[in-house]
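Commentary on secondary and tertiary structure
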Amino acid sequence: MKIGVLIKQVPDTETKIRIGPDATDIVREGIKYVMNPYDEYAVEQALQVKSQVGGDSSVTVVSLGPARVVETLRTALAMGADRAVHVKDDAFEAQDSMSTARALAAALRSESFDLVFAGKMAIDDNASTVPIAVADMLDVACVNTIHSFELSGDHNQVTVRRRIDGGEEVVQCALPALLSCEKGLNEPRYASLTGIMKAKKKPVDEKSAADLGLGAEEIGSGGSGVQLTRLLPLPERGECKFVEGEPQEAARALVQLLRNEAKVI
Amino acid sequence: MGKKILIVGEIQGGALRKTSLEVLSAGRAVAEKSSGSVDAALVGSGIDAPARKLAAHGVAVKQVDGSAYASYSPETYAEALTQLVRQQGYDVVLFADTSMGKDVAPRVATRLDAGLVTDVVQLDLAEDGNLRVVHPIFTGKVNAEFLLRNKAIQVLSLRPHTYPAATEDGSAAAVEKVEIGVEKQPRAVVKEVVAASGGTIELTEADVIVAGGRSLKSEENFKVLFDLADVLGAAVGASRAAVDAGYQPHSQQVGQTGKVVNPTLYFACGISGAIQHLVGMRTSKVIVAINKDANAPIFQNADYGIVGDLFEVVPLLTGEFKTLLGRE
Ligand SMILES: Cc1cc2nc3c(=O)[nH]c(=O)nc-3n(C[C@H](O)[C@H](O)[C@H](O)COP(=O)(O)OP(=O)(O)OC[C@H]3O[C@@H](n4cnc5c(N)ncnc54)[C@H](O)[C@@H]3O)c2cc1C
Ligand SMILES: Nc1ncnc2c1ncn2[C@@H]1O[C@H](COP(=O)(O)O)[C@@H](O)[C@H]1O
């Protein structure tokens, strides 16, 4: 089985986010980059499927981004992926999620994967758009935000669960399919030392916009319908008003404040 | 040029969701500014009642009703909406950023080659007539402003509870049944829908949330929060520490790896206020913190605070609210 994984490199969740001087980007100096946490579930699931199916199954990780993205691709190779594709071109700068999806769809098209995993959301742009858009562009089935996964015995179909507002759906889907992964799906493995050593020798193919046959009207700012204009700080909350006194008094005073001052009750 | 706006309504358990009315009011605000118009779409099977309910808010409803839509499928729903937009020539399509909106909006945007922004918390019209929106990024640590341009059609999904819900104005508008056939069978099929345990009010839609943390110490102890929630018609939320400890299901988790909520009033009871929790609730209009520790970071993000033991304070609050609201 040919399995693909879409992985994005993002600032570590612990990063303190500061708006840069021209307010169109955050301050990038000193940021530590990691694999998007939801993509770790995607890589892990792909590796589990590979060992379940066996034979000549392979896992290819695909990432679009600048040169530094290679580190994250290597992390996935060290976890056990077989091969990486780095979609890299200056032409991808300042593009929106739809253009990124077009470029990734183009990269996946020639691979003819049976199964592709992605994260449910990138924790930097918080778009939750790319997996569904890529699947729709490739005209393959897509189930979003899965937290459980089961491959049928004949390897032709998956049964997955996804949380929805007010409950959970059990969804059955024939392959080929693209699945976006949510927390709870599995426990992502760490790369072992031998894994890290082996990863150094595994192939990373670079693909430019031209390699993928993408024109200026499909990608970059020319292909994008959405343009970032500026970053805005979060609105400040005023000082906390501490309600003092014996618990009974404090409770009564708080209820009065919520009714008469905040007017929310 | 007036924008022709389509808002997409949503049905849950046979009834129209409140988020549909929020999207309606947001759509109306843009339509007014651009001298445009708003219609609503509703997709499903046997949905006369919710369609009439929506129309009672003064918006013309396109009812896409048929057995093909009896069970939810993002593929068929997206196809129906895509065809509707093409047929009627809408410029802007607005969804609520619910689990359905998140699932369908990107598909509709792809099929229409539209501009797309999800999880929009502010929607406006720029001077040049393009839509201008705000969408939180870096899991809510900063807001980003975007301009939608360059594409003929724009698709947005709006964060629940961010816009006031439209109210019934007595002027029932027309409901038009639109026949849209979907040729392709969906490839992913929903086999079963399992209702969540936990509270009955969906966290992201709740007007008031009473949330508890690790300090609750057990599932049983959460009763003290459910009692307060009952009086206020609130939903009960939890920190990750409480969810990981098994006191509440993951569906109730607020924060970076849980849900982003945006209620009018949020009670943080015995929650320390870690950044990963704050990003899930800090856009709440009013935040009340109850914590033993006066130095807990939650107080830096709260409007009102009581330093004390939640097991003492919360029942007293429940009593006070009962008296105030005449529920005794
Ligand atoms: C990648 C990542 C993602 C995360 N995602 C989330 C997320 O989505 N949501 C989330 O909530 N957290 C998340 N966390 C965890 C987060 O960092 C905190 O660990 C968690 O929020 C702490 O939960 P807590 O406030 O309930 O517990 P604690 O931090 O242990 O705080 C308990 C608080 O209760 C107070 N207290 C104790 N007893 C009482 C009492 N009787 N009365 C009143 N006050 C009392 C204490 O003073 C203390 O402030 C995430 C962490 C990481 C690394
Ligand atoms: N630049 C990228 N390269 C590879 N995969 C990506 C990229 N951007 C997004 N993805 C995938 O799409 C998921 C959701 O991202 P987003 O739609 O940006 O929130 C991520 O978790 C990745 O799996």
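Residues numbered from 1 in each chain as written. Chains lettered and ligands numbered in written order. Predicted model: local features only at pLDDT ≥ 70, side-chain atom pairs only at ≥ 80, totals over all residues. Heavy atoms only, no water.

Moving on to the overall build of chain B. Of the regular secondary structure elements, chain B holds 8 helices and 18 strands. When each of the 328 residues of chain B is scored for burial, the buried share is 62%. Pairs at least 24 apart in sequence give 63% of the contacts found in chain B among residues at least 6 apart. Looking at chain B as shown, the accessible area adds up to about 12400 Å², and 49% of this sits on carbon and sulfur atoms. (Helix = DSSP H or I, 4+ residues; strand = E, 2+ residues; numbered from the N terminus. Buried < 20%, exposed > 50% of the residue type's maximum accessible area, 1.4 Å probe, protein only. Contact = heavy atoms within 4.5 Å. Areas by Shrake-Rupley, 256 points an atom, 1.4 Å probe, with all protein chains shown as cover.)

Here we come to the state of the cysteines. Each disulfide consists of a covalent bond between the sulfur atoms of two cysteine residues. Using the criterion set out here, one finds 0 disulfides over all chains in the structure. With no disulfide of its own, Cys269(B) lies 13 Å from the sulfur of Cys240(A), the closest cysteine sulfur. By relative accessible area, which is 0% here, Cys269(B) ends up buried. (Disulfide = S-S within 2.5 Å.)

Attention now goes to the sheet that holds strand β6 (residues 92-96) of chain B. All names here are of chain B. Spatially, the 7 strands line up as an open sheet ordered β7-β11-β6-β1-β4-β5-β12, and their pairing is parallel. Edge positions in the sheet fall to β7 (115-120) and β12 (175-177), since each of these pairs with one other strand and no more. Sheet twist, expressed as the mean angle between neighbouring strand axes with direction ignored, is 20°. Relative to strand β11 (residues 154-158), β6 runs parallel, the two sharing 5 bridges. By the bridge assignment for β11, phenylalanine 95 is matched with serine 157. Contacts from helix α1 (residues 18-33) reach β1 (4-8), β4 (37-44), β6 and β11 within the one sheet, and its direction differs from that of β1 by about 170°. (Pairing = 2+ DSSP bridges. Axes fitted to C-alpha atoms, helices over the stretch in contact; angles between N-to-C directions.)

Below, the discussion takes up the packing of helix α7 (residues 247-261) of chain A against helix α8 (residues 310-325) of chain B. At a closest axis distance of 9 Å, the pairing of α7(A) and α8(B) adopts a crossing angle of 50°. Relative to α8(B), the element α7(A) is oriented oblique. You can see that α7(A) and α8(B) cross each other, and the crossing is right-handed. Of the residues in α8(B), those in contact with Pro247(A), Gln248(A), Ala251(A), Arg252(A), Leu254(A), Val255(A), Gln256(A), Leu258(A) and Arg259(A) of α7(A) are Glu312(B), Leu316(B), Leu317(B), Glu320(B), Phe321(B), Leu324(B) and Leu325(B). (Parallel < 35°, antiparallel > 145°, perpendicular 65-115°, else oblique. Left-handed = near helix turned anticlockwise from the far one by under 90°.)

Moving on to the site of ligand 2. Residues and elements named next belong to chain A. Lining the immediate surroundings of ligand 2 are 20 residues, of which Leu6, Asp39, Ser128, Thr129 and Val130 lie closest. In this structure, an oxygen atom belonging to ligand 2 sits 2.7 Å away from a main-chain N or O atom of serine 128. In isolation ligand 2 offers 480 Å² of accessible surface; the protein chains occlude 99% of this area. Looking at the shell around ligand 2, the elements with two or more residues in it are β4 (58-64), α3 (97-109), β6 (115-119) and α4 (130-138). Among the elements that take part in the shell around ligand 2, β4 stands out by supplying 3 residues, more than any other. Considered class by class, the residues forming the shell around ligand 2 number 11 nonpolar, 6 polar and 3 charged. (Near = heavy atom within 4 Å. Polar contact = N/O pair within 3.5 Å; in protein donor to acceptor, adjacent residues only side chain to side chain. Nonpolar A, V, L, I, M, F, W, Y, C, P; charged D, E, K, R; others polar.)

Residues and elements named next belong to chain B. The end-to-end C-alpha distance of helix α3 (residues 74-88) is 21 Å, a good match for the 21 Å that 15 residues give at a rise of 1.5 Å each. Every buried residue of α3 is accounted for by Pro74, Glu75, Thr76, Tyr77, Ala78, Ala80, Leu81, Thr82, Leu84 and Val85. Looking at the buried side of α3, the elements it contacts are β1, β4, β5 (60-65), β6, α4 (99-111) and β13 (188-195). Phi for glycine 89, located one or two positions after α3, is positive at around 65°. (Expected span 1.5 Å × (residues − 1).)

Looking now at the site of ligand 1. All names here are of chain B. Close contacts around ligand 1 come from 25 residues, with Arg214, Ser239, Thr257, Ser272 and Asn291 the closest. Within the side chain of arginine 214, an N or O atom sits 2.6 Å from an oxygen atom of ligand 1. In this structure, an oxygen atom belonging to ligand 1 sits 3.0 Å away from a main-chain N or O atom of glutamine 256. Elements represented by at least two residues in the shell around ligand 1 include exactly α6 (240-244), α7 (275-281) and α8. Residue composition of the shell around ligand 1, grouped by class: 6 nonpolar, 14 polar and 5 charged.

Bringing the environment of Asp230(B) into the picture now. All names here are of chain B. Along the polypeptide, aspartate 230 turns up in helix α5 (residues 223-232). On the accessibility criterion, aspartate 230 (59% relative accessible area) is exposed. Sequence separation between aspartate 230 and valine 210 is 20 residues; the distance between their C-alpha atoms is 9.9 Å.

Here the focus is the nonpolar core. In terms of nonpolar packing, the biggest core is built from 58 residues, with Val87(A), Val134(A), Phe95(B), Val104(B) and Val155(B) touching the most fellow members. Apart from residues no more than four positions distant in its own chain, Val155(B) is found in contact with Val93(B), Phe95(B), Ala105(B), Val108(B), Ala109(B), Ala114(B), Gly115(B), Leu116(B) and Val117(B). Counting residues in hydrophobic clusters, the runner-up holds 44 residues, among them Val5(A), Met35(A), Val49(A) and Ala188(B). (Core = buried A, V, L, I, M, F, W, Y, C linked by side-chain atoms within 4.5 Å.)

The next point concerns the sheet that holds strand β9 (residues 131-137) of chain B. Pairing within the open sheet is antiparallel, and its 4 strands lie in the order β12(A)-β10(B)-β9(B)-β8(B). Sheet topology places β12 (226-232) of chain A together with β8 (122-125) of chain B at the edges, where each strand pairs with a single neighbour. Across the sheet, the mean angle separating the axes of adjacent strands is 25° when strand polarity is ignored. Relative to strand β10 (residues 142-148) of chain B, β12(A) runs antiparallel, the two sharing 6 bridges. Across the sheet, residue Gln227(A) finds its bridge partner in β10(B), namely Leu147(B).

Next up on the list: the environment of Leu228(A). Along the polypeptide, Leu228(A) turns up in strand β12. Here the alpha-carbon distance between Leu228(A) and Val10(A), two residues 218 residues apart in the chain, equals 18 Å. Not counting residues up to four positions away in its chain, the partners in contact with Leu228(A) are Thr24(A), Ala144(B), Glu145(B) and Phe146(B).

All names here are of chain B. What the rule picks out here adds up to 7 aromatic pairs over all chains. Look at tyrosine 72 and tyrosine 77: their rings are 5.1 Å apart centre to centre, the planes differ by 80°, and that puts the pair in the edge-to-face class. A ring pair is formed by phenylalanine 222 and tyrosine 247, whose centres lie 6.5 Å apart and whose planes are at 55°; its orientation type is tilted. Highlighted residues: phenylalanine 222 in the loop between β14 (208-212) and α5 and tyrosine 247 in the loop between α6 and β16 (265-269), separated in sequence by 25 residues. Taken as a pair, phenylalanine 222 and tyrosine 247 share a single burial class, namely buried. An aromatic cluster is built from Tyr69, Tyr72 and Tyr77, whose rings are joined through pairwise contacts. (Phe/Tyr/Trp six-rings, centres within 6.5 Å; stacked < 30°, edge-to-face > 60°.)

This brings us to the domain arrangement of chain A. On domain assignment, one finds that chain A holds domain 1 (2-223) and domain 2 (235-265). Each of domain 1 of chain A and domain 2 of chain A has a C-alpha centre, and the two are 46 Å apart. (Domains from an automatic or database assignment.)

It is worth spelling out the domain arrangement of chain B at this point. Residue and element names in this part refer to chain B. As far as domains go, chain B holds domain 1 (4-177) and domain 2 (197-324). On a C-alpha basis, the centroid separation for the pair domain 1 and domain 2 is 31 Å. Counting residues at the interface gives 11 residues for domain 1 and 14 residues for domain 2. Approximately 940 Å² of surface area, both sides summed, lies buried where domain 1 meets domain 2, with 46% of it carried by carbon and sulfur atoms. Considering only the surface of domain 1 that becomes buried against domain 2, Thr139, Arg159 and His161 emerge as the three largest contributors, covering 54% of it. (Buried area = accessible area lost by both parts, 1.4 Å probe.)

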